[in-house]
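Structural description and commentary
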Amino acid sequence: VQLQASGGGLVQAGGSLRLSCAASGRTFSSYRMGWFRQAPGKEREFVAAITRSGGSTYYADSVKGRFTISRDNAKNTVYLQMDSLKPEDTAVYYCAAGEVSGRHQSDFSSWGQGTQVTVSS
């Protein structure tokens, strides 16, 4: 599956952004989807994941209650709604697709190109 992330940008602290990730290729609904992020000088980290049907979601503690992952299987798209953004949320955000459960990068087999999110204080 090929993934294309979009929606990043510059926002003030406390603001919101919605990231989108459009998928093409094999059946989108057969994949678990996730979002990861990588800040400058840091390791890539798990942000959120959603099951194939969208019935279950999982979040990193650092974003729980502020970010919401969702998907539209009819549109082959996964979203990340980010509210109450903080400067520490500044990173390149990547969407990923996988066939097994888990929060590790190795649990995801396909990756998008990343979209920059910058939160100013």
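Summary of the structure given here. Computed from a prediction, not measured in an experiment: that's the story for all the values here. (Residues numbered from 1 in each chain as written. Predicted model: local features only at pLDDT ≥ 70, side-chain atom pairs only at ≥ 80, totals over all residues. Heavy atoms only, no water.)

Attention now moves to the nonpolar core. One finds W35, L80, M82 and Y93 to be the most contacted residues of the largest nonpolar core, which totals 36 residues. Those elements that provide at least two residues to this core are β1 (2–6), β3 (17–24), β4 (32–38), β5 (45–50), β7 (67–72), β8 (77–82), β9 (91–98) and β11 (115–120). (Core = buried A, V, L, I, M, F, W, Y, C linked by side-chain atoms within 4.5 Å. Buried < 20%, exposed > 50% of the residue type's maximum accessible area, 1.4 Å probe, protein only. Helix = DSSP H or I, 4+ residues; strand = E, 2+ residues; numbered from the N terminus.)

Next up on the list: unusual backbone geometry. Here N76, not a glycine, exhibits a phi torsion of approximately 55 degrees, which is positive. Position of N76 relative to the elements: it lies in the loop between β7 and β8. For N76, a relative accessible area of 28% corresponds to the partly exposed category. Of note in the backbone geometry, S84 takes a positive phi value of approximately 50 degrees without being a glycine. Note that S84 resides in the loop between β8 and β9.

Time to look at the sheet that holds β1. Spatially, four strands are ordered β1-β3-β8-β7 in an open sheet, and the strand pairing comes out antiparallel. Two strands bound the open sheet, and with one partner strand each, they are β1 and β7. Within the sheet, the average angular offset between the axes of one strand and its neighbour, ignoring direction, is 15 degrees. Two elements, β1 and β3, share five bridges in a ladder whose sense is antiparallel. Residue pairing in the sheet places L3 in a bridge with A23 of β3. (Pairing = 2+ DSSP bridges. Axes fitted to C-alpha atoms, helices over the stretch in contact; angles between N-to-C directions.)

This brings us to the state of the cysteines. In total, this model carries one disulfide according to the counting rule given. The partner cysteine of C21 in its disulfide is C95, sulfur to sulfur 2.1 Å. Looking down the S-S bond of the C21 and C95 bridge, the torsion is 60 degrees, so its handedness is right-handed. Placement of C21 in strand β3 and of C95 in strand β9 is noted, with a sequence separation of 74 residues between them. Residue C21 shares its accessibility class with C95, and that shared class is buried. (Disulfide = S-S within 2.5 Å.)

Below, the discussion takes up the layout of surface pockets. In this structure, the largest pocket encloses a volume near 160 Å³. In terms of lining residues, the largest pocket is bounded by R37, A39, K42, E43, E45, S62, R66, K86, E88, D89, T90 and A91. Looking at the lining of the largest pocket, its residues break down into two nonpolar, two polar and eight charged. (1 Å grid on protein atoms, 1.4 Å probe; cavity = no way out; pocket = protein on both sides within 12 Å on 5 of 7 lines; lining within 4 Å. Points joined across faces, edges and corners; volume = space filled by probe spheres on them. Nonpolar A, V, L, I, M, F, W, Y, C, P; charged D, E, K, R; others polar.)

Here we take up the pattern of salt bridges. Throughout the structure, instances matching the rule amount to four salt bridges. A salt bridge links D61 to K64, with the nearest nitrogen and oxygen atoms 3.3 Å apart. For the pair D61 and K64, one class covers both residues: exposed. R66 is the partner of D89 in a salt bridge, and the nearest nitrogen-oxygen pair spans 2.7 Å. Linking D89 in the loop between β8 and β9 with R66 in the loop between β6 (57–59) and β7, this pair joins segments that are 23 residues apart in sequence. Each of the two residues, D89 as well as R66, counts as buried. Sharing partners across several salt bridges, the network here consists of R37, E45, R66 and D89. (Salt bridge = Lys/Arg side-chain N within 4 Å of Asp/Glu carboxyl O.)

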